[in-house]
Amino acid sequence: MSSPTRKHTALPKAQILIEALPWLTRHNGRTVVIKFGGNAMVNEELKAAFAQDVVFLRHAGLNVVVVHGGGPQISAALDRHGIVSEFKAGLRVTTEDAMDVVRMVLAGQVQRELVGLLNQHGPLAVGLTGEDAHTITATKHRPEIDGELVDIGRVGEITAIDTGAIEALLADGRIPVVSSIARSQDDGHVYNVNADTAAAALAAALDAETLVVLTDVEGLYENWPESDEVISRLTASQLEKLLPDLSAGMVPKMEGCLHAVRNGVRTARVIDGRVQHSILLEIFTDEGIGTMVVPDEQQGESA
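Residues numbered from 1 in each chain as written. Predicted model: local features only at pLDDT ≥ 70, side-chain atom pairs only at ≥ 80, totals over all residues. Heavy atoms only, no water.

Section: the packing of aromatic side chains
At step 1: Taken as a whole and assessed by the stated rule, the structure comprises two aromatic pairs.
At step 2: Summarising the aromatic geometry, the rings of Phe36 and Phe50 are spaced 4.1 Å apart at their centres and angled 25° between planes, so their arrangement reads as stacked. Taken together, the residues span a long stretch of sequence, with Phe36 in strand β1 (residues 31-36) and Phe50 in helix α4 (residues 44-59) at a distance of 14 residues.
At step 3: Ring geometry for Phe56 versus Phe284: centroids 5.8 Å apart, planes at 65°, classification edge-to-face. With Phe56 in helix α4 and Phe284 in helix α11 (residues 278-284), this pair connects stretches of sequence that are 228 residues apart. (Phe/Tyr/Trp six-rings, centres within 6.5 Å; stacked < 30°, edge-to-face > 60°. Helix = DSSP H or I, 4+ residues; strand = E, 2+ residues; numbered from the N terminus.)

Rendered as structure tokens:
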């Protein structure tokens with residue numbers, strides 16, 4: 001017969017599982033859209049931990065949709081093809097030649113690797129791009145720089161989302177992995193779309209409970225660079241006031257969070273993808289890490 005001491009060593013594990021119970025109950029059957037990027041996308045250990053987290057969420061009863069870009073991988077591939085990487089207004093200038101490389105890297109390299117990691121845990125993940133089944137439709141995006149509209153090539157602005165294919169995969173118990181490429185609304189081409197923006201648009205269209213954006217920082221800082229104090233929670237209106245002063249890299253992420261919570265998503269969270277299992281910590285514990293954005297009318301509600 002096993003000793004009482006041996007039994008007790010397992011107690012902390014049981015307590016951790018029980019602590020997750022309220023969150024498991026709350027999130028069961030709900031949809032979470034996760035934007036995969038940053039360091040978590042290039043570090044092997046973080047990639048493996050991310051795949052475990054996503055599979056855990058799926059087995060815990062959540063509908064999980066993963067959206068990814070691939071900035072570092074695209075830059076490396078463009079270098080190999082002798083195509084110069086150029087950015088304007090924080091967006092990659094995407095020529096026709098560059099677009100071929102972007103499409104190849106996102107759909108043929110980054111997505112396949114992520115699908116493979118997830119499928120080590122079972123027949124779960126299915127890859128698609130925004131082109132498939134009209135999932136993401138876009139038109140040409142012309143950013144304004146110094147008061148003038150600038151042509152940055154095949155960079156798209158999302159005009160429509162069709163969630164049919166994703167919803168069919170979720171109903172079948174699968175994990176859709178979506179590359180941020182869109183079909184064109186008007187000219188038969190494809191567009192490179194910002195993955196943060198694509199994740200937010202999909203979260204809103206899917207009526208998701210939560211949008212989670214992985215970053216390489218701890219969250220949104222109160223008064224960067226003077227302070228590294230992270231804002232743990234703020235409303236849509238509070239975020240909107242901060243947007244003009246944010247660093248270029250954080251703008252699409254926080255604009256995405258704002259769009260999501262203003263269009264039916266209950267919470268949007270920016271979390272530190274450099275921390276292993278940060279997704280589980282954020283969704284299943286009180287020790288949430290990062291910054292959570294809520295709709296204005298949710299100010300008084302608990303997270």
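Next, the rest of the story.
Points about the side chain of Thr94
At step 1: Within the fold, Thr94 resides in the loop between β4 (91-92) and α6 (96-118).
At step 2: Residue Thr94 is classed as buried on the basis of its relative accessible area, which comes to 0%.
At step 3: Looking at Thr94, its side chain comes within polar contact range of the main-chain oxygen of Arg92, at 2.9 Å.
At step 4: If we skip the residues at most four places from it in the chain, Thr94 touches Met99, Val102, Ile152, Gly153, Arg154, Val155 and Asn192. (Buried < 20%, exposed > 50% of the residue type's maximum accessible area, 1.4 Å probe, protein only. Polar contact = N/O pair within 3.5 Å; in protein donor to acceptor, adjacent residues only side chain to side chain. Contact = heavy atoms within 4.5 Å.)

Observations regarding the environment of Leu220
At step 1: Mapped onto the elements of the fold, Leu220 is located in strand β13 (residues 220-221).
At step 2: A relative accessible area of 3% places Leu220 in the buried class.
At step 3: Distance in space between the C-alpha atoms of Leu220 and Val270 is 7.6 Å, their sequence separation being 50 residues.
At step 4: When neighbours within four sequence positions are excluded, Leu220 is seen to be in contact with Glu229, Val230, Ile231, Leu234, Leu239, Leu242, Leu246, Met250, Met254 and Thr291.

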